[in-house]
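# Secondary and tertiary structure notes
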Amino acid sequence: MSRFAKAVSVLSPVIAVAAALLVGGLVVMAIGESPLRVYSILFRGAFGSVDSLGYVVFNACPLIFTGLAVAFAFRAGLFNIGGEGQLYVGSFVCAWVGLKLGGVPAALAVPLLVLASAAGGAAWAAIPGFLKARFGVHEVINTIMLNFIAIGLTSYFVINVFKEPGQMTPQTAEIAASGQLPRLAGALQSVGIPLPAANPLNASILIALGAVWAAWFILNRTTLGYEIRAVGLNPSAAEYAGINVRRMLVVAMMISGAFAGLVATNEIMGFRYRYLDNFSAQIGFMGIAVALLGKNTPLGVLFAALLFGVLNTGALEVDVFTDVPRELILVLQAVTIILVVVANEVLTKKLREREAGAASQATEESA
Amino acid sequence: MMRKPLLAVLLLGIVLSLGCASDEPSEGESDFKVGMVFDVGGKGDKSFNDSAYRGMLNAADDFGVEFTEFEPGQDADREVGLRKLAGAGYDMIIGVGFLFSDAIKKVARDYPDTKFACVDYDVRPGEELPPNLVGLRFREEEGSFLVGVLAAMHTETDRIGFVGGMDIPLIHKFEAGYIAGARHVTPGISITVVYAGTTPQAFADPAKGKELALLQYGRGVDVIYHASGSTGNGVIEAAREAGAYAIGVDSNQNYMAPGHVLTSMVKRVDNAVYKAIRDALEGTFEGGIEELGLAENGVGYALDKHNEDLITEEMTKAVEDVRAAIIAGEIEVPSS
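Residues numbered from 1 in each chain as written. Chains lettered and ligands numbered in written order. Predicted model: local features only at pLDDT ≥ 70, side-chain atom pairs only at ≥ 80, totals over all residues. Heavy atoms only, no water.

## Things to note about the sheet that holds strand 4 (residues 115-119) of chain B
All names here are of chain B. This is how the line gets drawn: The pairing criterion for strands is at least two bridges between them, as found by DSSP. Helix and strand assignments come from DSSP, with helices taken as H or I runs of at least 4 residues and strands as E runs of at least 2, each series counted from the N terminus. Only the stretch in contact is used when fitting a helix axis, every axis being a line fitted to C-alpha atoms; angles between N-to-C directions are given from 0 to 180 degrees.
Pairing is parallel in the open sheet, where six strands are placed in the order 2-1-3-4-5-11. Each having just a single partner strand, strand 2 (66-70) and strand 11 (288-292) make up the two edges of the open sheet. Here the strands of the sheet are splayed against their neighbours by 20 degrees on average, with no regard to which way each runs. Judged from the five bridges that link them, strand 5 (residues 133-138) and strand 11 form a sheet pairing that is parallel. Residue pairing across strands places Val134 opposite Gly288, the latter belonging to strand 11.

In structure tokens:
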């Protein structure tokens with residue numbers, strides 16, 4: 001890639017975000033509020049204190065996992081819309097195992113629950129992976145349908161089987177204390193960062209950073225990742241080169257599902273300590289936007305998730321302290337995504353034209 | 001990227017809007033600030049949340065308190081939102097709905113000088129509330145018993161229906177009281193019970209409510225009691241369409257389809273919220289669980305100009321007798 005191309009690929013999300021803020025400003029104006037006031041509340045809400053920065057990272061954490069899930073599958077040429085279902089199954093399995101771990105030491109319980117979360121997500125994602133590999137059924141349909149099934153099944157089990165007795169709230173009892181991830185406030189305070197003790201930021205973010213590294217490592221430093229990318233770029237060519245395409249499709253979906261399942265480390269192990277029916281506010285679907293904004297690279301996902309963390313955290317502040325409705329923030333987020341896609345398309349096209357121009361010039365010169 | 005004229009217009013707009021006054025939370029003469037956080041369905045559900053909102057508005061009118069309100073987008077925002085309000089110096093914070101129970105207790109412990117109230121607080125057996133948190137609970141089964149009596153007396157087919165929102169013990173209280181009330185009048189009455197779903201979304205799905213109600217009306221049911229938040233707006237719509245009758249819930253919904261809403265089981269969330277704010281203002285606030293039934297006027301049935309032609313004198317007498325009997329403890333109302 002030329003330096004120009006690199007600059008474009010880094011800059012296009014930035015330009016898109018700036019454009020989205022401008023368009024969002026118009027919407028704010030249309031409802032009679034001052035964009036500057038709303039944006040200043042939004043950014044103060046996200047960056048105004050150590051506490052709010054903690055919330056930014058906390059809100060970004062589950063999106064890192066679902067963003068990685070979408071991005072990873074995408075690299076294998078798969079469009080995994082099923083992050084929502086996979087994270088529910090992963091979280092449910094995590095809580096279910098967590099309820100049974102009384103007396104198990106943390107050194108064992110924590111890794112076990114992390115594994116359970118990933119395994120739950122992976123198993124759920126294996127179904128559309130298998131159906132795609134074996135019967136060629138399109139994964140988009142299957143992952144969407146499996147979302148409904150996962151949401152329905154987990155609801156059923158939480159309400160009818162695992163609900164804490166005597167409670168209205170459709171949630172399980174708390175998981176074993178040894179399986180709970182520590183909050184980071186204490187550790188950060190001891191190194192001089194004054195994060196309030198009530199801040200929900202927890203050790204799951206470290207797992208998320210590990211997952212970003214793992215996704216990068218698998219994709220770029222292993223034979224498996226090479227084969228997955230080969231399948232994503234051209235399945236026929238990959239098959240011709242001796243890669244077992246069907247196997248790769250299933251494996252890629254399972255790894256993708258495992259990332260989605262790891263949302264449980266933040267939601268169950270790190271924050272709520274119990275499974276609450278329907279806890280995810282579309283985290284799985286937001287993962288698609290995160291992956292898109294992050295250009296389907298692990299590092300890109302990390303930054304995109306942080307941006308959404310900023311928007312979500314600031315949005316709450318706007319919601320609480322102004323008359324701007326929450327819906328507006330959703331509009332802003334959707335506009336951001338659309339503009340990213342547009343900016344990406346436009347800039348890539350420009351880039352291609354420019355490179356084609358440069359290439360033809362080069363051939364002319366050499367002739 | 002941007003065409004220059006557009007950019008100029010935008011900048012101009014931003015500059016102009018800087019001059020515009022923006023709506024700060026409504027200012028009152030008192031510096032007492034109340035924050036309210038809504039349940040699923042939110043403000044504008046014409047039912048549960050609106051009843052709570054009305055209580056806060058009434059308190060704002062009478063005591064001049066300043067207030068703000070919002071509806072959380074995701075579950076984690078419930079706790080975060082409560083904390084933000086507490087951190088911003090709000091004196092009283094009200095969570096509307098049982099989904100706040102765990103979050104509000106945690107936040108109340110962290111902000112002992114702030115007063116908290118939670119509508120429909122989901123209490124655990126033997127649980128102690130922090131002294132700055134009041135859990136407002138209603139004996140919905142008692143009010144539901146009364147509307148069950150009215151439904152059984154009004155039906156011509158001896159078939160009545162019930163549409164619940166989310167299938168949970170809280171809504172089972174409405175169902176149980178309603179059934180007991182109807183059976184109290186007509187022991188052999190046929191009662192069809194259906195729930196809109198198993199997720200909080202079941203309280204915010206009018207299309208589903210209408211569908212479920214039309215299904216029942218099509219099978220000879222002529223009165224349906226709904227306990228389903230804004231889902232019930234569809235039930236009432238269906239009653240109007242089918243020329244049948246619905247019974248509203250939480251707020252007085254008689255006006256929503258005059259002549260087709262037999263009555264409403266009013267759950268006086270507004271009164272409870274109003275009283276909690278007044279207690280906090282006057283320094284008589286007490287933490288703990290507060291149970292509100294017929295005796296406390298926490299629940300009841302609505303009679304107004306929209307349904308006075310539907311409720312006969314005989315019905316009024318019967319239902320008032322039952323009310324007295326329940327308050328006196330002569331009738332036991334089941335809650336599940």
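## Quick look at the packing of helix 3 (residues 50-75) of chain A against helix 13 (residues 283-293) of chain A
Residues and elements named next belong to chain A. Threshold: Between 65 and 115 degrees an angle is taken as roughly perpendicular, under 35 as roughly parallel, over 145 as roughly antiparallel, and anywhere else as oblique. Working rule for handedness: look at the near helix, and if it is turned counterclockwise from the far one by less than a right angle, call the crossing left-handed; if clockwise, right-handed. Contacts are assigned to residue pairs with any non-hydrogen atoms lying within 4.5 Å of each other. Under the convention adopted here, Pro, Cys and the residues Ala, Val, Leu, Ile, Met, Phe, Trp and Tyr are nonpolar, Asp, Glu, Lys and Arg are charged, and Gly plus all remaining residues are polar.
Where helix 3 contacts helix 13, the two axes come as close as 7 Å, and the packing angle between them is 65 degrees. Taken as axis vectors, helix 3 and helix 13 run roughly perpendicular relative to one another. In this structure, the crossing between helix 3 and helix 13 has a hand that is right-handed. In contact with Pro62, Leu63, Thr66, Gly67, Val70 and Ala71 of helix 3, helix 13 contributes Ile283, Gly284, Met286, Gly287, Ile288, Val290 and Ala291. Class assignment for the residues of the contact of helix 3 with helix 13 results in nine nonpolar, four polar and no charged.

## A look at the interface of chain A and chain B
Defined as follows: Accessible surface is computed with a 1.4 Å probe, and the buried area is the amount of it that two parts give up when combined, taken over both parts together. Basic side-chain nitrogens of Lys or Arg form a salt bridge, by our definition, when they fall within 4 Å of a carboxyl oxygen of Asp or Glu. Polar contact is defined as a pair of N or O atoms within 3.5 Å, subject to the rule that within protein one atom must be able to donate a hydrogen and the other to accept it, and that residues adjacent in sequence are counted only when both atoms are side-chain atoms.
At the junction of the two partners, chain A supplies 39 residues and chain B supplies 45 residues. Both faces combined, the contact of chain A with chain B buries some 3800 Å², and carbon together with sulfur accounts for 62% of it. Together, Met168, Leu316 and Val320 of chain A form the three largest contributors to the area buried by chain A at its contact with chain B, with a combined 18%. Our count for the chain A to chain B interface comes out at three salt bridges. Put simply, Arg274 of chain A and Asp102 of chain B hold a salt bridge, and the shortest N to O gap is 3.6 Å. There are five residue pairs in polar contact (both at pLDDT 80 or more) connecting chain A and chain B. Counting only elements with at least two residues in the side of chain A that touches chain B, the list comes to helix 1 (3-30), helix 2 (35-47), helix 3, helix 6 (139-160), helix 12 (263-272) and helix 14 (298-321) of chain A. Per element, the largest residue contribution to the side of chain A that touches chain B is five residues, and it comes from helix 14 of chain A. Within the side of chain A that touches chain B, the residues separate by chemical class into 19 nonpolar, nine polar and 11 charged.

## What about the domain arrangement of chain B?
All names here are of chain B. Just so we agree on the cut-off: Domain start and end points were adopted from an automatic or database domain assignment.
Entries for chain B in the domain assignment read domain 1 (33-138 + 269-292) and domain 2 (140-266 + 303-327). Across the domain 1 to domain 2 interface the summed buried area is about 1100 Å²; carbon plus sulfur atoms make up 55%. Per-residue buried area on domain 1 facing domain 2 is highest for Val40, Lys46 and Ser47; these three make up 41% of the total on that side. At the junction of domain 1 and domain 2, the tally comes to zero salt bridges. The interface formed by domain 1 and domain 2 holds six residue pairs in polar contact (both at pLDDT 80 or more) in total. Contributing elements (two or more residues each) for the side of domain 1 that touches domain 2: helix 2 (48-63) and strand 5. Per-element accounting of the side of domain 1 that touches domain 2 gives the leading share, three residues, to helix 2.

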